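Breakdown of the fold
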Amino acid sequence: MTQYQDSFNLLRRLAKDTFYRMLHGHELDCVQSEETLTDINLLEIKREGLYFFRVDKPTKHEEKEKGFDWEFWIGCNRSGWDRYAVQAKRMYLESGKYERLRHKHKGATKFQIEVLEDFAQSTGAIPLYCFYNAIDHTQLKGHWHCTYPPELEQMGCTIVPLRIVKQAHKPRKPKSFKDLHKDSSAKPWQCLLCPGILNPKLAQHPNGFLPEDGSYKKYERLPSHFTYFQETGIIEDLPSDLYTSELGGYPKRIMVIDTGGKEF
């Protein structure tokens, strides 16, 4: 099995696991937070031997004020790398809504979504939200925007572009699964490794992930500092040429998925 296929299968497995953690946690009244769900998924990615880095920052205040959940680098040196800045949120099954979408940490001056957008515009990253869900077949209908056959459990982890989330983020705007996933750009996160996403020339539908302001940047090679920090898995000082933004945003963790030079 290829490195690409291993990574694709891993995302599918984690989406299914998340789906049932959400569902069973609700049934047993032991609901896990989005932070816990994120930690579990990222730990599993680490256990698979993929590049994974923890970003050390000096204070807890900075982490709460400026940190978003993680950064994905996906691609290979042969065809280039896409960089994604990701904030995670979970569905509240009682209401079917993302009730912490407008969450602001105590003492923070900016919403998480503002920090994420500013970082993406400054660095050329693609800003996304990752939603953790457990839905039924009636909710699946009309909200599956992947070229693979519909699969309920794969909606456990979905990816939604920032431009869609910004509309729902506004006060008094609906924040349900339906409202965040009715656009065709809202997809199961396995689509991050879809050939049509990695190579837009082969896309059956427009990518939809790319920011509308044109700030997206394709990186020809994986930055060298990842190789330098691979031994420890901890990045203490992020390179200023790659991680400078007006609001000081930064990823709490960084993951690299090398597609192994797969040709499409």
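The structure we're discussing is the one just above.
All values derive from a computational prediction rather than experimental measurement.

Relative to the 16 Å expected for twelve residues at 1.5 Å per residue, helix α4 (residues 112-123) spans 17 Å between its end C-alpha atoms, a close match to the ideal helical length. For α4, the full list of buried residues reads Q112, I113, V115, L116, D118, F119, A120 and T123. At the exit of α4 stands G124, carrying a positive phi of roughly 80°.

Time to look at the packing of helix α1 (residues 3-27) against helix α2 (residues 34-47). Closest axis-to-axis distance for the α1/α2 pair is 11 Å, and the angle between their directions is 150°. Accordingly, the angle class assigned to the pair α1 and α2 is roughly antiparallel. Here α1 and α2 pass one another in a crossing that is right-handed. Of α2, the residues touching α1 (which contributes L10, R13, L14, T18, R21 and M22) are L37, I40, N41, E44 and I45. In the contact of α1 with α2, the residues fall into six nonpolar, two polar and three charged.

The biggest cluster of nonpolar side chains holds 73 residues, and the ones touching the most others in it are W70, F72, W73, Y84, W189 and L192. Counting residues per element, this core draws most heavily on α1, at eight residues. Once residues within four sequence positions are removed from consideration, F72 is found in contact with I45, D82, R83, Y84, W189, L192, M255 and I257.

Turning to its location among the elements, S245 is positioned in the loop between β8 (234-235) and β9 (250-251). Engagement of the side chain of S245 in a polar contact is seen with the backbone nitrogen of G249, the distance being 3.1 Å.

Calculation rules
By convention here, each chain's residues receive numbers from 1 onward along its written sequence. Since the coordinates come from a predicted model, pLDDT governs what is reported: local features require at least 70, and pairs of side-chain atoms require 80 or more to be given and counted, while whole-chain, interface and lining totals use all residues. Excluded from the side-chain calculations are hydrogens and water; all other atoms, namely the structure's heavy atoms, are used. In DSSP terms, a helix is any run of H or I states spanning at least four residues, a strand is any run of E spanning at least two, and both are numbered starting from the N terminus. Under the convention used throughout, the expected extent of a helix is 1.5 Å for every residue step, that is, one less than its residue count. Working definition: with a 1.4 Å probe on protein chains only, accessible area under 20% of the residue-type maximum means buried, over 50% means exposed, and in between means partly exposed. Interaxial angle, 0 to 180 degrees, is taken between N-to-C directions of lines fitted to C-alpha atoms, where a helix line uses only the stretch in contact. An angle below 35 degrees is treated as roughly parallel, one above 145 as roughly antiparallel, one from 65 to 115 as roughly perpendicular, and anything else as oblique. In this scheme, a crossing is called left-handed if the near helix is turned counterclockwise away from the far one by less than a right angle; it is called right-handed if the turn is clockwise. It only takes one pair of heavy atoms within 4.5 Å for two residues to be counted as in contact. Just so you know the grouping, Ala, Val, Leu, Ile, Met, Phe, Trp, Tyr, Cys and Pro go in nonpolar, Asp, Glu, Lys and Arg go in charged, and all remaining residues, Gly too, go in polar. Among buried residues, the Ala, Val, Leu, Ile, Met, Phe, Trp, Tyr and Cys ones that are joined through side-chain atoms within 4.5 Å form a nonpolar core. Pairing of N or O atoms within 3.5 Å defines a polar contact, subject to two protein rules: one partner must be a possible hydrogen donor and the other a possible acceptor, and residues neighboring in sequence count only if both atoms are side-chain atoms.

By themselves, these figures tell us nothing about what the structure is for.
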